[in-house]
2 protein chains.
Amino acid sequence: MKKVTQKYSLPKKSVYFFSANETDGHAGLKNILGGKGANLAEMTSLKLPVPPGFTISTEVCDVFYKNSEVLPEPIKADILMSLKKIESLLGKKFGADKNPLFVSIRSGARVSMPGMMDTVLNLGLNEKTLQGLIEESGNERFAWDSYRRFMQMYSNVVMGMNTSFLDIILEDLKDEKGYEQDNDLSVEDLKNLTKKYKSEILQSTSKVFPEDPMEQLWGAINAVFKSWNTSRAVTYRQLNSISSQWGTAVNVQSMVFGNKGNDCATGVAFTRNPSNGEKHFYGEFLLNAQGEDVVAGIRTPQPITKSEAAKMGQVSLEESMPGPFKQLVEVYKKLEAHYKDMQDIEFTIEKEKLWMLQTRTGKRTAKAALKIACDMLDEGLIDEDEALLRIEPQSLDQLLHPCLDPKAERTLLTKGLPASPGAAMGKIVFSSEDAVRLESDNVKTILVRVETSPEDIEGMVSSEGILTTRGGMTSHAAVVARGMGKSCVAGCDEADVDYSKKQMRIKGYVLNEGDIITLDGSTGEVFLGEVKTIKASLDDNFSRIMLLADKARTLKVRANSDTPHDAEVARNFGAEGIGLCRTEHMFFGADRIDVMREMIMSDSEEERNEALDRLQPMQKQDFLGLFTAMKGLPVTIRLLDPPLHEFLPHTEQEAIDLSKRLSWNLESLKLKVKSLHEFNPMLGHRGCRLAITHPEIYKMQALAIAEAAVELIKQGDPLVPEIMIPLVAVDEELRVLKQVVVGAVESVQASTGVKFDYLVGTMIELPRAALTADKIAVHADFFSFGTNDLTQTTLGVSRDDSARFLSTYVAEGIFSEDPFQSIDQNGVGHLVKTAVELGRKAKSNIKLGICGEHGGDPKSIEFFHLAGLDYISCSPYRVPIARLAAAQASVRQRKEREH
Amino acid sequence: MKKVTQKYSLPKKSVYFFSANETDGHAGLKNILGGKGANLAEMTSLKLPVPPGFTISTEVCDVFYKNSEVLPEPIKADILMSLKKIESLLGKKFGADKNPLFVSIRSGARVSMPGMMDTVLNLGLNEKTLQGLIEESGNERFAWDSYRRFMQMYSNVVMGMNTSFLDIILEDLKDEKGYEQDNDLSVEDLKNLTKKYKSEILQSTSKVFPEDPMEQLWGAINAVFKSWNTSRAVTYRQLNSISSQWGTAVNVQSMVFGNKGNDCATGVAFTRNPSNGEKHFYGEFLLNAQGEDVVAGIRTPQPITKSEAAKMGQVSLEESMPGPFKQLVEVYKKLEAHYKDMQDIEFTIEKEKLWMLQTRTGKRTAKAALKIACDMLDEGLIDEDEALLRIEPQSLDQLLHPCLDPKAERTLLTKGLPASPGAAMGKIVFSSEDAVRLESDNVKTILVRVETSPEDIEGMVSSEGILTTRGGMTSHAAVVARGMGKSCVAGCDEADVDYSKKQMRIKGYVLNEGDIITLDGSTGEVFLGEVKTIKASLDDNFSRIMLLADKARTLKVRANSDTPHDAEVARNFGAEGIGLCRTEHMFFGADRIDVMREMIMSDSEEERNEALDRLQPMQKQDFLGLFTAMKGLPVTIRLLDPPLHEFLPHTEQEAIDLSKRLSWNLESLKLKVKSLHEFNPMLGHRGCRLAITHPEIYKMQALAIAEAAVELIKQGDPLVPEIMIPLVAVDEELRVLKQVVVGAVESVQASTGVKFDYLVGTMIELPRAALTADKIAVHADFFSFGTNDLTQTTLGVSRDDSARFLSTYVAEGIFSEDPFQSIDQNGVGHLVKTAVELGRKAKSNIKLGICGEHGGDPKSIEFFHLAGLDYISCSPYRVPIARLAAAQASVRQRKEREH
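So, a few notes on the structure that sits alongside this text. If you're wondering where the values come from, they're calculated on a predicted model, not measured in any experiment.

Considerations on the relation of the copies chain A and chain B
With an RMSD of 0.2 Å, chain A superimposes on chain B once it is rotated by 179° and translated 0.0 Å along the axis. Here the copies are linked by what is in effect a two-fold axis. Residue by residue, 100% of the interface of chain A is reproduced at the interface of chain B, so both copies engage with the same surface.

See the structure below:
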């Protein structure tokens, strides 16, 4: 939305009125009225006490921008009409010196959104109407206090003035007089204050503080609309995938005053406890105060209920104002029964009379969400479907990983990508070896690397968390850390790492090896020193919701695991199999890597086979471990995928060390490294291409799988291994390599006399494979969508190099989301759907799954559910999230169909 | 085809008979009868003298392999039936001692194919039938000579014996007796010889030479079928995109003997001169000889016509056998009138009677092809369409580039990819600088690099040819060399380059700087030392065919050119515009590169703009030159595409030199190089992504284009620049950047007051762009398919790294062709078709072209024509090829529709 006049048409209805007599809106109109406006209308219809007012719709916001940020006259006329209605309802007049009407102005988008203009109270006050207010209330101090408050709010949110200027004046005055609280200010003080305010405002903004109530009104309404596009709001929208087209509504409501005396109050409350979910009314209030005071921290609010207040030795609203408290209890019960969800409410009590100013679904912790859902299910308020939909799948991360103590102090160093959730603290190390070494001394470390590679696996295991300066959400570090359930912040591009100095620079800070940092992998934040954390914990509500989810979902959930340990974690989290075991990680163990290198360095097939013969029993052990851990659940094993150069030394020094250690000729080692170098390894000699040129590698792996299977089957453990061939582009690749695999398996079956079922399938991770999936399906028992590589190739974006521009892309809305986090439905998703359709057409019983990182993303999971896949596979710690997301997708689809 | 019995069904008809009385086949049945069999049948139907025989169809070949390389009994029965028919027609009997029948066995696939078994003559001869032949011919020597020949051929092609063993025996005998020629052998000699042959065959093959004529027959037939899968045949098929499924036919024909006496002869002839196309009968013959003698070089054949023979002081067939010569002239005229094309014929004269053994379309040079097509058009034999179809587009390369003198001696060093046609000779240099330096001393050089980058451009200009050890048909070296019309052999992976030693090793050879090599860019061959070349030349027939092509084609043909010189070359070759000007090459000039680097090193937008301001007038000059060279024809300019690190130093030493030269801080230069490093640059921060993060770069380029256009338009030269934005994945990228471009152009139009039309379009080179082309078309005046990158991403294959496995892929038939040479129609082509459809649906008048390297490949051109593109763009030297290929595509489509 830029300041250029475009064509627009006026909305059919611009302004929605609400009052006890007449209400245009209802809760269903959130898109047009915003959350706040819709709920004000709904509460009005419920006959709850709501001061009358009106909502200027979000459609007007669109018109406002298209009309160069000016409200068209017909809409202004509608607004004035509604204002008149309030006047006649209340018998007051806006801007009048007798019995004047005052209003509050509040923004309200479809979803709650920080960064926008929030509230202007007491609008309409000026030197003249002030007199009317004094007259009407008989409370001069109250009226001047309200005026002072109005000036502060208006100058800040409408005139764009820095609040601190007026705050300083107020504080100076209080210091001068020796006052503790704002309430200590006398009428004279307040009169002086407003004068000083006026001159300060003029000086700071070069504008006279508007006396004309109508000018105040238009100014505030325009300010709300403009606040839709403040940079904070824009950023928030981008971070939360909120469309910039939605716009905000403006709520104009007649004022009720909580600051009129000690029979007045204002407060906020939750219908249940938002941090643990317990079923009790929970909130805070302030006597003789206005809305903002409760949250502003100027005075400490008191608990509403007697039981809570007692704990803190304070006086509750229940005790001090039993009448209004009773009204409030009735209201909150009514609201929860009506909305069937925990509500977050705002209220004001004016002269012992309760007024409701807002209700909305209350935010809650994951723990609370689970408890509330289970309780409401037991109370019969909601059904199982609804209970499932009440929990944000992503929020379960809070329960699965340690997280930062919200109260702990912290110094933010920088922010990277939230690559793998959980908090972690430790001393910085810059190499895998150092992490391993320090672990043996029981020193906690954070492994800092530009980017990790499979060689860093042991260091990743040994460290508490990983920080990388390159790479995105699906970079090696991110993928592996998620697999391990280990905290990882990736792509910290503000950090500069110097391996030679063992130093990391972040903005002004220079951090040396051994310095302590704390990562929050759930937010991507990196903190200096130690920040206190809270341990992960699961409870019965979690288990209950997981069981409900399993009942509701049709998508199976598997895990990506490469080790027996990860496999066990995954199974404990409810994984129904392994969807991806990456065999390359198995070759990086200290006992294997040199044999692997010998294999690569071999000049002849004989030498190569000799090395493979030594690897085979090790591979067999790997698979035995994995199969055993999964206790007969399906296990999909991906045959070797990365290019061979990944296993060779990357630097001159590493080459020298290796050649010394193994007494290899340095020159031929370097020649081999050089000859295997690739310009674009992602598109290079890897995956099934390796096996087309060196079929003996896949043959060895297939033999090891078959031998492991035979050993278990002989022990009476049934299992059906699934062997997966990666990076297929052409059906012929799969046909040829399937022969290799089948030949190997059959040879083991023949020599052992043990027959067993097994599947041979392929990854669909290249556009060409998706487009010709019908031909590929002929040779495949299953497809597993490798959406990481499919995203890289379909979009032509290297995940390891994209950090440099993807953030700009998301910030400028070119991509609505990072396509490596949530699947690009129109591009990559289109190919997935094409392949599903072609694959099933060619082979109706083909098994379809996805093992890319998108398998752990709730939005992507919904997409895969709708695309008709049989299963998703994600990192072990995402399994619970995936189970819930899959269940929600089922429930939503069912509800959609029932409509 | 592996030796595994599969299911098969017998063909409806396995054996096709041909004789003066009864002929089952005709020329239209080439797929079933093979070329040889179909034409034998056709000649028989034309009542030409053809010895009766039969063809075992190619369908039998398929059955043969499916049946574990055994002929099924019913087919054997059919063959025996046909043999009986010949016997009764000729009154002879196969294997009889009286009046025996002898046959020849020849292979014959759909297309002529070296590497398969060729011919066995005189089959049926043994000690017994030999007596019959003596009796029938009254010529004992002839009979024994035929037997000797038969043993030589059969032992070799059927029994797999090395011919040299028998040759040695023959030569020893001749030496012993002091004979010059085989004809000097006496009956006794021949008798002895056959005895020695038999024992040698037994010793070498451990098999008795078969006496039983039926065993001989089945052996020979099986050998023909088996020869379909010899490694030479397999290789040939792969190199020439011949399906392994086609199979070969077997021709069994009654023998006529050209070696029965001096009233007998055998010969081969062309109905027109195959090397220059002149219209005269042209051929060679040998008196008293059998088929193979003519080509075997044992005796020197003589010219057939008197005029040719006179030049060489020899006696022609015309003179020595005027009767058969007259028959031959009648036959060749009849054949050419019937086939309406130059024929390559084989004949035998037995006792003054002419027998035709083969006719086929004659191979010819490009020069001859053009002349024959033009002459036949003038003669009314063929129409314009047919004339166009007669010329293999690719063959025009012979006329456009110097080529190796076919007679010149040569020592092959290695073979790489035929990346850019033409022959080139020069001293090896290993750096661009050396090539430039030596050129100034008039020394011809061949630039040898592992792979070239844009920095090598000047060296490529200065050298005669380029050899790279990496990279494929669309690598930088290949693309740029083709653009320059310069010979290039790429991806020579047998060569190992050591820059530090200025040395290249190829197998045993060590070549140092200054050593001479010769490249044949049309075949990919690299020769040691100098090999003589023939200059390129074009003639009137070429021009005439090009004009016919322009009349026939609907596809426009443009060229990819970056410099005024290339543009002029392209225009002279008939390019109708520039389809791709890669602006990055403009920044590598000595005067630009440092300014470009300053721009990249800038820390602020101001500094960057300052550098861009200095580049802008240089860019303007570039575009002025290009527009001027193209004289108002459309010019498509692609805005900056490669990642910025390509412009920075690649090695430590280069960085040190640069930092010294420009007095830059070495550390910050190295830091910048490091920070711009990419793991997969092909999928990195390049193309429009650069401009999303640094819009000022495209703005500068658009300003320069607009200023150049204004300057020319002011001079009265009309032009419509086409501005192209590369690497778009999402419509939003194009929308945003189009605004940048339009803003820049409009600012120039406003400041100069000169309005002009211009187009803004995009490359479609990512799968996502193709899949969402409808959305992208909204913002595009044109699409240009970048099929190089589209191939890389769709197949997930890096062109620079693919050499290592693509050759195996093509050799094993996993890809039928190198997808970077000829478009992968099912994968990449599918996306092209999708984008054409979606693009036109969204914007019916959108201009559609292709500027990938496939634009110069005839097969791909046909695909693009059928896909409905408006134009193709290729390197300048491929423009004539493209014009002809486009014309052929039109003609074929028209013919297809008329059917």
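Next, the rest of the story.
Structural notes on the interface of chain A and chain B
Interface extent is often summarised as the accessible area lost during association of the parts. If you look at the interface, chain A gives 53 residues, while chain B gives 53 residues. Overall, the association of chain A and chain B removes approximately 4,600 Å² of surface from exposure, summing both partners, and the carbon and sulfur fraction of that is 57%. The interface formed by chain A and chain B holds 5 salt bridges in total. Measuring nitrogen to oxygen at the nearest pair gives 4.0 Å for the salt bridge that ties Asp496(B) to Lys674(A). For the pair chain A and chain B, the number of links is 28 residue pairs in polar contact (both at pLDDT 80 or more). Every element with two or more residues in the side of chain A that touches chain B is listed here: β20 (495–498), α25 (666–676), α26 (688–693), α28 (731–752), α29 (767–771), α31 (787–795), α32 (803–811) and α33 (828–842) of chain A. Class assignment for the residues of the side of chain A that touches chain B results in 21 nonpolar, 17 polar and 15 charged.

Considerations on the sheet that holds strand β11 (residues 343–350) of chain B
All names here are of chain B. Pairing is antiparallel in the open sheet, where 5 strands are placed in the order β10-β9-β8-β11-β12. Only two strands of the sheet have a single neighbouring strand rather than two, namely β10 (302–303) and β12 (353–361). Summarising the sheet, strand β8 (residues 265–270) and strand β9 (residues 282–287) pair through 6 bridges and their orientation is antiparallel. What sits directly across from alanine 265, in β9, is leucine 287. Lying over the sheet, helix α13 (residues 322–339) contacts β11 and β12, oriented at roughly 30° with respect to β12.

Here we look at the packing of aromatic side chains
The description of an aromatic ring pair rests on the distance of the ring centres and on the angle between the ring planes. Under the counting rule described, the total for this entry stands at 34 aromatic pairs over all chains. Ring centres of Phe281(B) and Tyr332(B) lie 4.1 Å apart, and the angle between their planes is 0°; on these two criteria the pair is classed as stacked. One end of the pair, Phe281(B), is in the loop between β8 and β9; the other, Tyr332(B), is in helix α13, with 51 residues separating them in the sequence. Grouping aromatic residues by their ring pairs yields a cluster made of Phe64(A), Tyr65(A) and Phe225(A).

Focus on the environment of Ile169(B)
All names here are of chain B. Structurally, isoleucine 169 is set in helix α6 (residues 163–177). Sequence separation between isoleucine 169 and tyrosine 197 is 28 residues; the distance between their C-alpha atoms is 7.8 Å. The residues contacting isoleucine 169, other than those within four sequence positions of it, are Leu193, Lys196, Tyr197 and Glu200.

A look at the nonpolar core
As a rule of thumb, soluble globular proteins bury nonpolar side chains together. One finds Ile545(A), Ile725(A) and Ile725(B) to be the most contacted residues of the largest nonpolar core, which totals 283 residues. Setting aside chain neighbours within four positions, we find Ile725(B) in contact with Leu639(B), Cys688(B), Tyr698(B), Leu734(B), Leu737(B), Lys738(B), Val741(B), Val760(B), Gly761(B), Thr762(B) and Met763(B).

Considerations on the sheet that holds strand β2 (residues 53–56) of chain B
Residue and element names in this part refer to chain B. Strand order in this open sheet of 5 strands is β1-β2-β7-β5-β6, and the pairing throughout is antiparallel. Where the open sheet ends on each side, the last strands, each with one partner, are β1 (15–18) and β6 (119–123). Between one strand axis and the next, the sheet turns through 20° on average, direction left out of account. Here strand β5 (residues 103–109) runs beside strand β7 (residues 248–254); their pairing, made up of 7 bridges, is antiparallel. Its bridge partner being in β7, serine 104 is matched across the sheet by glutamine 253. Sheet strands touched by helix α3 (residues 73–90): β1, β2, β5 and β7. Its angle to β1, the strand with the most contacts, is close to 10°. Relative to β7, helix α8 (residues 213–227) is tilted by about 150°, and along the sheet it contacts β2, β5, β6 and β7.

Structural notes on the pairing of strand β24 (residues 525–528) of chain A
Residues and elements named next belong to chain A. Of the strand pairs in this sheet, strand β14 (residues 412–415) and β24 are connected by 3 bridges, and their pairing is antiparallel. Among the inter-strand pairings, threonine 414 is bridged to a residue of β24, identified as valine 526. Across 4 bridges, strand β23 (residues 516–520) lies against β24 in antiparallel orientation. Its bridge partner lying in β24, aspartate 520 is registered against glutamate 525.

Some details on the packing of helix α21 (residues 564–572) of chain B against helix α23 (residues 605–630) of chain B
Residue and element names in this part refer to chain B. For the pair α21 and α23, the least separation of the axes is 8 Å and the interaxial angle reads 15°. As judged from the angle between their axes, α21 and α23 are roughly parallel. The two elements α21 and α23 meet at a crossing, and its hand is right-handed. Within the contact between the two elements, α21 uses Pro564, Ala567, Glu568 and Arg571 and α23 uses Gly625, Leu626, Ala629 and Met630. Its residues assigned to classes, the contact of α21 with α23 comprises 5 nonpolar, 1 polar and 2 charged.

Here we look at helix α13 (residues 322–339) of chain A
Residue and element names in this part refer to chain A. The terminal C-alpha atoms of α13, which comprises 18 residues, lie 25 Å apart, in line with the 26 Å expected from a rise of 1.5 Å per residue. Buried residues along α13 sit against α1 (30–45), α12 (317–320), β11 (343–350), β12 (353–361) and α14 (366–378). A positive phi of about 55° marks lysine 340, the residue just after α13.

Concerning the pattern of salt bridges
Scanning the model with the defined rule gives 130 salt bridges over all chains in all. A salt bridge links Arg582(A) to Asp562(A), with the shortest nitrogen-to-oxygen separation between them at 3.0 Å. Linking Arg582(A) in strand β27 (residues 578–582) with Asp562(A) in the loop between β26 (556–560) and α21 (564–572), this pair joins segments that are 20 residues apart in sequence. For the residue pair Arg582(A) and Asp562(A), the accessibility class agrees, reading buried in each case. Here Lys198(B) and Glu211(B) are joined by a salt bridge, their closest N and O atoms 3.1 Å apart. Here Glu211(B) lies in the loop between α7 (187–205) and α8 and Lys198(B) lies in helix α7, a separation of 13 residues in the sequence. Classification of Lys198(B) as partly exposed rests on a relative accessible area of 23%. Because the salt bridges share partners, they merge into one network encompassing Asp341(A), Arg364(A), Glu386(A), Arg390(A) and Lys895(A).

About the thresholds
- Residues numbered from 1 in each chain as written.
- Chains lettered and ligands numbered in written order.
- Predicted model: local features only at pLDDT ≥ 70, side-chain atom pairs only at ≥ 80, totals over all residues.
- Heavy atoms only, no water.
- Least-squares fit on C-alpha atoms with pLDDT ≥ 70 in both.
- Contact = heavy atoms within 4.5 Å.
- Buried area = accessible area lost by both parts, 1.4 Å probe.
- Salt bridge = Lys/Arg side-chain N within 4 Å of Asp/Glu carboxyl O.
- Polar contact = N/O pair within 3.5 Å; in protein donor to acceptor, adjacent residues only side chain to side chain.
- Helix = DSSP H or I, 4+ residues; strand = E, 2+ residues; numbered from the N terminus.
- Nonpolar A, V, L, I, M, F, W, Y, C, P; charged D, E, K, R; others polar.
- Pairing = 2+ DSSP bridges.
- Axes fitted to C-alpha atoms, helices over the stretch in contact; angles between N-to-C directions.
- Phe/Tyr/Trp six-rings, centres within 6.5 Å; stacked < 30°, edge-to-face > 60°.
- Core = buried A, V, L, I, M, F, W, Y, C linked by side-chain atoms within 4.5 Å.
- Buried < 20%, exposed > 50% of the residue type's maximum accessible area, 1.4 Å probe, protein only.
- Parallel < 35°, antiparallel > 145°, perpendicular 65-115°, else oblique.
- Left-handed = near helix turned anticlockwise from the far one by under 90°.
- Expected span 1.5 Å × (residues − 1).

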